[in-house]
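A closer look at the structure
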Amino acid sequence: MSTHSELTSSKAKSRRMARRRLLTGAGATGAAAVAAQLAAPGASAATRRTDLFHYWETQQRSLGYSQGVRVDDTVWISGTAALDREFTPVSPGDLPDQMAFVYRRIRESLAKYGLDFRHVVRENMYVTDMPALVEALPYRRGVYGAGPFPTSTTVQVNQLLVPGLMIEIEVTACRALP
């Protein structure tokens, strides 16, 4: 009879071997079978992914990204900036106006998945002017109302994708929340 540590060691070795086969392309099991072996115990091998191309579909496809991706109960919304349908900055240099525009676009993207800001569990903000953000934070607080509030990270950057943009926000949401 095997001990617990022997079984644990054997499982770890099996996962390392499967990972090696996946990375090197070796083995007759195929990538799908190897990926299933790497999945957490009890995880479904039939995970579903739904991509969202919304608002800037032409630019998203040409740049190679999705506005949103849903895998099972988790939804990731790409960094959203204040860009109009022609990919031109809205209210260049005006962080409060850009923030309001960005949250409207995020609200629309979440709604495509049947979600709203109550489902957001993570928010990352990238800004070019931290003092301007501090002045605009009451608007952000209003987006989440009385909560629940997401975890949050804010980073100041030198520049965003297009000159004139001052803020970009990305969120992660969970469909399993009420």
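Described below are features of the structure shown in this document.

The rules we used
- Residues numbered from 1 in each chain as written.
- Predicted model: local features only at pLDDT ≥ 70, side-chain atom pairs only at ≥ 80, totals over all residues.
- Heavy atoms only, no water.
- Helix = DSSP H or I, 4+ residues; strand = E, 2+ residues; numbered from the N terminus.
- Buried < 20%, exposed > 50% of the residue type's maximum accessible area, 1.4 Å probe, protein only.
- Contact = heavy atoms within 4.5 Å.
- Areas by Shrake-Rupley, 256 points an atom, 1.4 Å probe, with all protein chains shown as cover.
- Salt bridge = Lys/Arg side-chain N within 4 Å of Asp/Glu carboxyl O.
- Phe/Tyr/Trp six-rings, centres within 6.5 Å; stacked < 30°, edge-to-face > 60°.
- Lys NZ or Arg CZ within 6 Å of the ring centre and 35° of its normal.
- Expected span 1.5 Å × (residues − 1).
- Bend = angle between axes of the 7 residues up to and from the residue.
- Polar contact = N/O pair within 3.5 Å; in protein donor to acceptor, adjacent residues only side chain to side chain.
- Pairing = 2+ DSSP bridges.
- Lys, Arg positive; Asp, Glu negative; His and termini not counted.

So, on to the overall build of the protein. When helices and strands are counted, the protein shows 5 helices and 6 strands. Looking at the protein as a whole, 33% of its 178 residues qualify as buried. Counting only contacts in the protein whose residues sit at least 6 apart along the sequence, the fraction spanning at least 24 positions is 67%. Only carbon and sulfur atoms are counted for the fraction: they give 55% of the accessible area of the protein, which is about 10,500 Å².

Further remarks concern the pattern of salt bridges. Under the definition given, this model contains 3 salt bridges. The salt bridge involving Glu108 is made with Arg105; its shortest N-O contact spans 2.6 Å. Pair noted here: Glu108 and Arg105 are both in helix α4 (residues 95–112), with a separation of 3 residues, about one helical turn. Here Arg105 falls in the buried class, since its relative accessible area comes to 11%. For Asp116, the salt bridge goes to Arg118, with nearest N and O atoms at 2.6 Å. Exposure remark for Asp116: the relative accessible area of 26% places this residue in the partly exposed category. Using a relative accessible area of 45% as the deciding quantity, one classes Arg118 as partly exposed.

Let us look at the packing of aromatic side chains. Tallied over the full model, the rule gives 3 aromatic pairs. Summarising the aromatic geometry, the rings of Tyr103 and Tyr139 are spaced 6.3 Å apart at their centres and angled 40 degrees between planes, so their arrangement reads as tilted. One end of the pair, Tyr103, is in helix α4; the other, Tyr139, is in helix α5 (residues 130–144), with 36 residues separating them in the sequence. Following the ring pairs from residue to residue traces out a cluster consisting of Tyr103, Phe117, Tyr139 and Tyr144. Directly above the aromatic system of Phe101 lies the positively charged group of Arg105, at a separation of 4.6 Å from the ring centroid.

Structurally, Glu123 can be placed in strand β4 (residues 120–127). When near neighbours in sequence (up to four residues on either side) are disregarded, Glu123 contacts Tyr103, Arg140, Tyr144, Pro150, Thr151, Ser152, Thr153, Ile169, Glu170 and Val171.

Glancing now at unusual backbone geometry. Backbone torsion omega between Gly147 and Pro148 reads 5 degrees, so that peptide bond is classified as cis. Turning to its location among the elements, Pro148 is positioned in the loop between α5 and β5 (151–156). The residue Ser91 is not glycine, and still its phi comes out positive at about 50 degrees.

The next subject is α5. Between the first and last C-alpha of α5 there are 20 Å, a value that for 15 residues agrees with the 21 Å anticipated at 1.5 Å per step. Of all the bends in α5, the greatest, near 45 degrees, is centred on Ala136, and the proline Pro138 appears no more than four residues after it. For α5, the set of buried residues is Ala132, Leu133, Ala136, Arg140, Val143 and Tyr144. Structurally, α5 contributes buried residues whose contacts are with α4, β4, β5 and β6 (167–174). Two or three places before Ala132, at the opening of α5, Asp129 has a side-chain oxygen 3.2 Å from that residue's backbone nitrogen. Phi turns positive, to about 55 degrees, at Gly145, one or two residues after α5.

Moving on, we come to the pairing of strand β2 (residues 68–71). Pairing of β2 with strand β3 (residues 74–81), which is carried by 4 bridges, proceeds in the antiparallel orientation. What sits directly across from Val69, in β3, is Trp76. With antiparallel pairing between neighbouring strands as the criterion, β2 and β3 make up a hairpin whose turn holds 2 residues, including Asp72 at a positive phi of roughly 55 degrees.

Here Arg70 is to be found in strand β2. For the buried residue Arg70, which engages in no salt bridge, the nearest side chain bearing the opposite charge is Asp73, 6.0 Å off. Within the structure, the side chain of Arg70 is placed 3.4 Å from the backbone oxygen of Asp72, a separation counted as a polar contact.

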